[in-house]
Amino acid sequence: MKRLIAIAMLLVCATDAARAESENCRKSREYLLEAPGSDLSLTPQAYNDLFKICIATAAMPNVKDAYILRDGGIAVLPKQDNVSATAATLAQFCDAYPHAVLRFITPKETLTIRSVAGVAQMSSTSSTPCKKIKGIS
């Protein structure tokens, strides 16, 4: 019985953590869709589709936080910023979303980011798209 209660408590904590991790997905989508005078790169439906990808990305093991970018990419703040951890995250992301773009936020960039709006305005054009990584034309 104690084991069952412990498992239930862990599930509740994991659900709360997933909700907290996806908070910036929601905030970045709201910013992009509701900012006054915002010149959107994509349709509102495309940002809603990216929201689903962002939430799933936020739940990946090496992702501390995830955001939707104005140009349609997904930005992540990694838990571990090393080659093997980021490569594993990129591989997992590209396997799940072969037509998407993942942008890692560097430690240096985190020092200059002041808000979710600042992240949402970042560009993912310098990141290699998953289509190219996976060899999809």
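Residues numbered from 1 in each chain as written. Predicted model: local features only at pLDDT ≥ 70, side-chain atom pairs only at ≥ 80, totals over all residues. Heavy atoms only, no water.

Draft legend 1. Representation of helix H4 (residues 83-96). Here H4 contains 14 residues, and its C-alpha end-to-end distance of 20 Å stays within 8% of the 20 Å for a straight helix at 1.5 Å per residue. Residues of H4 that are buried include every one of Ala-85, Thr-86, Thr-89, Phe-93 and Cys-94, and no others. Angularly, the buried residues of H4 cover 155° about the axis, an arc narrow enough to put them on a single face. Counted as exposed and oriented over 90 degrees from the buried face of H4: Val-83, Ser-84 and Asp-95. Looking at the packing, one finds that the buried side of H4 touches helix H3 (44-58), strand S1 (63-68), strand S2 (74-78), strand S3 (102-104) and helix H7 (130-134). (Helix = DSSP H or I, 4+ residues; strand = E, 2+ residues; numbered from the N terminus. Expected span 1.5 Å × (residues − 1). Buried < 20%, exposed > 50% of the residue type's maximum accessible area, 1.4 Å probe, protein only. Arc of directions from axis to C-beta. Contact = heavy atoms within 4.5 Å.)

Draft legend 2. Geometry of the packing of helix H2 (residues 23-34) against H3. One can describe the packing of H2 onto H3 by two numbers: an axis separation of 9 Å at closest approach and a directional angle of 165°. It follows from the interaxial angle that H2 and H3 lie roughly antiparallel. Seen along the crossing, H2 lies across H3 with a hand that is right-handed. Contact residues: H2 offers Cys-25, Arg-26, Arg-29, Leu-32 and Leu-33, while H3 offers Pro-44, Tyr-47, Asn-48, Phe-51, Cys-54, Ile-55 and Ala-58. Here the contact of H2 with H3 is built from residues that sort into 9 nonpolar, 1 polar and 2 charged. (Axes fitted to C-alpha atoms, helices over the stretch in contact; angles between N-to-C directions. Parallel < 35°, antiparallel > 145°, perpendicular 65-115°, else oblique. Left-handed = near helix turned anticlockwise from the far one by under 90°. Nonpolar A, V, L, I, M, F, W, Y, C, P; charged D, E, K, R; others polar.)

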